[in-house]
Amino acid sequence: MIIGVLALQGDFIEHCNLLSRLGVETREIRLATQLEGLSGLIVPGGESTTIGKLATTFDLIEPLRQFGSTRPVWGTCAGAILLSRDAQREQPLLEMMDIQIERNAFGRQIDSFEIDLPVARIDDSERPFPAVFIRAPLIEGAGDGVDILARLPDDSGQGKIVAAQEGHLLATSFHPELTGDDRLHRYFLGMVRE
Ligand code: GLN
């Protein structure tokens, strides 16, 4: 099994390192031909506008859509923005997931923070996951086919969505590759093996 990590910009190395620690072979993806033979793909955090523009320049948008039409793809932070069908701005998107995004949803005052969050479906899901948010997007809306895996806490119990899954596609607003907690990476590997 080889997991690709889109390596145009952003923190792709951190994903590769974590997967290597789990004994998984990884491949940095910069060209469409490199998608061949992959079992799954991670689109990392970074700057979604930059990643989208580079993907356009390198003719990767259609090959990535094609790949994601049948195989597991996980977008973290900027990667989640790229997977969405709508980020409420003009920017190239992969439009694979039926989610709507609000970019930089936390504004400048609190542009990064860490919070312990319960995340459904991961191992030991009672134990909160250390979620690192960096100029993070929120998932503002999700279609009927989308399962919500995590929300920010609020009084109503209907806090903003920060992790979601639609079939073989996964999106998280936060950065699991920056923590020592590998449960979300292991969850994604489980999706790949399914
Ligand atoms: N703010 C970035 C964007 O809108 C995402 C930040 C991140 O990936 N940590 O693309």
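Just so you know, these numbers come straight off a predicted model, no measurement behind them.

Attention now moves to the nonpolar core. Ranked by size, the top nonpolar core spans 33 residues in total, and within it Leu6, Leu41 and Leu64 carry the most contacts. Taken together, the elements giving at least two residues each to this core come down to β1 (2-6), β3 (40-43), α2 (48-57), α3 (61-70), α4 (78-83), β6 (97-102), β11 (161-166) and β12 (169-172). Examining the composition of this core, we find that five residues originate from one element, α4, more than from any other. In this structure Leu6 touches Phe12, Ile29, Leu41, Ile42, Val43, Pro44, Ile51, Leu60 and Leu64, once residues within four positions along its chain are discounted. Residues Trp74, Val119, Ala136 and Ala163 belong to the second largest nonpolar core, which totals 32 residues.

Looking now at the pattern of salt bridges. Counted according to the given criterion, the structure contains 10 salt bridges. Between Arg85 and Asp98 there is a salt bridge whose closest N-O contact spans 2.5 Å. Residue Arg85 is found in strand β5 (residues 84-86), and its partner Asp98 is found in strand β6; the two are separated by 13 residues along the sequence. Of the residues examined, Arg85 reaches a relative accessible area of 42% and is grouped as partly exposed. The class for Asp98 is partly exposed, based on a relative accessible area of 26%. Between Asp124 and Arg127 there is a salt bridge whose closest N-O contact spans 2.6 Å. Residue Asp124 is classed as partly exposed on the basis of its relative accessible area of 44%. Relative accessible area serves as the criterion here: at 40%, Arg127 is assigned to the partly exposed category.

What counts, and where the lines are drawn
- Residues numbered from 1 in each chain as written.
- Predicted model: local features only at pLDDT ≥ 70, side-chain atom pairs only at ≥ 80, totals over all residues.
- Heavy atoms only, no water.
- Core = buried A, V, L, I, M, F, W, Y, C linked by side-chain atoms within 4.5 Å.
- Buried < 20%, exposed > 50% of the residue type's maximum accessible area, 1.4 Å probe, protein only.
- Helix = DSSP H or I, 4+ residues; strand = E, 2+ residues; numbered from the N terminus.
- Contact = heavy atoms within 4.5 Å.
- Salt bridge = Lys/Arg side-chain N within 4 Å of Asp/Glu carboxyl O.

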